[in-house]
Amino acid sequence: MDNKIKTVINLNKGHLKFYACLKYLVTPFSELDSRIPKKCRLLDIGCGYGVYSIYFALKSERRTISGIDKNPKKINYADKISKGCRNVNFNVLDLDKNYALPEADVYLINDVLHHINNMSKEILLKKISDKMKKNNILLIKEMHSGSKIKFFLNCINDKIMTFNKKLYFIEKERLLSSFKKLGLKVRHYKLNNYIFPHIIYICKK
Ligand SMILES: C[S@@+](CC[C@H](N)C(=O)[O-])C[C@H]1O[C@@H](n2cnc3c(N)ncnc32)[C@H](O)[C@@H]1O
């Protein structure tokens, strides 16, 4: 296991330690890390408990990571466990309300698009694309419906984790068409070695 993953897991407390372990087994930490420059400002949009943000910060001290999420409890927790890590910070921001998007070189949306409604998705992608300069990256990790069994497993997981909140999965073709309208060039690929059906989109201007 990657040493930095071990550190992140050990920073967590109680059931969230177990959750971080499980997350490591079922989601692509190192794959996403490999797509992020070692020196950059990264905005982790919908960062949750900050597990990924802290991991990326530990992987390179030359990165500055800002995590945002609408849930103040998650942000407080992420803030607390990352106290010793100087290159990461966390703030509350609700993508369903009016907001100013912070500047970054890399915008990460990791398993968040299917938790926000289509209007909020559209607004978020437009705000990001308006801010993006040449060489900036929009990195999205979502679930695809190509594998029905894996997709079903992920839906069960999401329903449990969100206490049965509504989900707003977006089809690959629709997302690709949104990127095109925004003038973004995109490369995408699926990751087949996981229990969940991960798909990664890498967008540039
Ligand atoms: C499945 S979790 C992903 C967390 C994190 N990106 C990760 O991969 O570990 C989805 C996150 O999106 C956040 N979220 C949902 N709706 C949001 C909104 N309107 N504004 C900001 N964050 C939101 C939730 O609070 C939750 O932490």
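Preceding this paragraph is the structure being described.
What counts and what doesn't
- Residues numbered from 1 in each chain as written.
- Predicted model: local features only at pLDDT ≥ 70, side-chain atom pairs only at ≥ 80, totals over all residues.
- Heavy atoms only, no water.
- Near = heavy atom within 4 Å.
- Polar contact = N/O pair within 3.5 Å; in protein donor to acceptor, adjacent residues only side chain to side chain.
- Areas by Shrake-Rupley, 256 points an atom, 1.4 Å probe, with all protein chains shown as cover.
- Salt bridge = Lys/Arg side-chain N within 4 Å of Asp/Glu carboxyl O.
- Helix = DSSP H or I, 4+ residues; strand = E, 2+ residues; numbered from the N terminus.
- Buried < 20%, exposed > 50% of the residue type's maximum accessible area, 1.4 Å probe, protein only.
- Core = buried A, V, L, I, M, F, W, Y, C linked by side-chain atoms within 4.5 Å.
- Axes fitted to C-alpha atoms, helices over the stretch in contact; angles between N-to-C directions.
- Parallel < 35°, antiparallel > 145°, perpendicular 65-115°, else oblique.
- Contact = heavy atoms within 4.5 Å.
- Nonpolar A, V, L, I, M, F, W, Y, C, P; charged D, E, K, R; others polar.
- Patch = residues over 30% accessible without salt bridge, like charges linked within 9 Å, V, L, I, M, F, W, Y side chains within 5 Å.
- Lys, Arg positive; Asp, Glu negative; His and termini not counted.
- Charge placed at Lys NZ, Arg CZ, Asp CG, Glu CD.
- Phe/Tyr/Trp six-rings, centres within 6.5 Å; stacked < 30°, edge-to-face > 60°.
- Pairing = 2+ DSSP bridges.

Undergrad: Looking at this structure, how should I read the site of the ligand?
TA: Neighbouring residues of the ligand: 17 residues in total, closest Lys23, Gly46, Asp69, Leu95 and Asn110. Take Lys23: an N or O atom from its side chain is 3.0 Å from an oxygen atom of the ligand. The separation between a nitrogen atom of the ligand and a polar side-chain atom of Asp94 is 3.0 Å. For the ligand, whose free accessible area comes to 590 Å², the fraction covered by protein is 91%.

Undergrad: I keep staring at the pattern of salt bridges and nothing clicks. Help me out?
TA: If the charged atoms of two oppositely charged side chains come close together, the side chains can form a pair. Counting across every chain of the model gives ten salt bridges. A salt bridge links Lys38 to Asp33, with the shortest nitrogen-to-oxygen separation between them at 3.6 Å. For Asp130, the salt bridge goes to Lys126, with nearest N and O atoms at 2.9 Å. Linking Asp130 with Lys126, this pair stays in helix α6 (residues 118-131), spanning four residues, or about one helical turn. Given the relative accessible area of 41%, Lys126 is considered partly exposed. The network of salt bridges with shared partners includes Asp33, Lys38 and Arg63.

Undergrad: Sorry, what's going on with the nonpolar core here?
TA: Grouped burial of nonpolar side chains is what soluble globular proteins tend to show. Membership of the largest hydrophobic core comes to 33 residues, with the highest contact counts inside it found for Leu42, Phe56, Phe90, Leu139 and Ile200. Of the residues forming this core, the biggest block, six residues, is contributed by helix α4 (residues 51-59). Among the nonpolar cores identified, the runner-up in size contains 27 residues, and Leu43, Tyr107, Leu124 and Leu184 belong to it.

Undergrad: Looking at this structure, how should I read the packing of helix α1 (residues 3-11) against helix α2 (residues 15-26)?
TA: Any two packed helices are characterised by how steeply their axes cross, that is the angle between the axes, and by the distance between the axes. Packing of α1 against α2 brings their axes to within 8 Å, and their N-to-C directions diverge by 155°. Overall, the two elements α1 and α2 adopt an arrangement that is roughly antiparallel. Along its contact with α1, which presents Ile5, Ile9 and Asn10, the element α2 presents Lys17, Ala20, Cys21 and Tyr24. For the contact of α1 with α2, a count of residues per class yields five nonpolar, one polar and one charged.

Undergrad: Looking at this structure, I do not really get a positive patch on the surface. What am I missing?
TA: Positive charge collects at one region of the surface, where Lys134, Lys185, Arg187 and Lys204 lie side by side. The residue Lys134 is located in the loop between α6 and β5 (137-143) in this model.

Undergrad: Which parts of the structure should I look at to understand the packing of aromatic side chains?
TA: We describe a pair of aromatic rings using the distance from one ring centre to the other and the angle between the two ring planes. Tallying each qualifying case throughout the model produces nine aromatic pairs. Ring centres 5.7 Å apart and planes at 40° place the aromatic pair Tyr52 and Phe56 in the tilted group. Residue Tyr52 and its partner Phe56 are located together in helix α4, separated by four residues, close to a single helical turn. For the residue pair Tyr52 and Phe56, the accessibility class agrees, reading buried in each case.

Undergrad: Where do I start with the sheet that holds strand β7 (residues 198-204) in this structure?
TA: The strands making up a sheet are joined through hydrogen bonds of the backbone, oriented either antiparallel or parallel. Judged by pairing direction, the sheet is mixed, and its seven strands sit side by side in the order β3-β2-β1-β4-β5-β7-β6 without closing on themselves. Strands at the two margins of the open sheet, each flanked by one partner only, are β3 (88-92) and β6 (185-191). Strand-to-strand twist of the sheet, defined as the mean angle between neighbouring strand axes without regard to direction, takes the value 15°. Sheet topology places strand β1 (residues 40-45) next to strand β2 (residues 63-69); six bridges connect them, and they run parallel. Across the sheet, the residue bridging to Ile45 is Ile68, located in β2.

So far we have only geometry, and geometry alone does not tell us how the molecule works.
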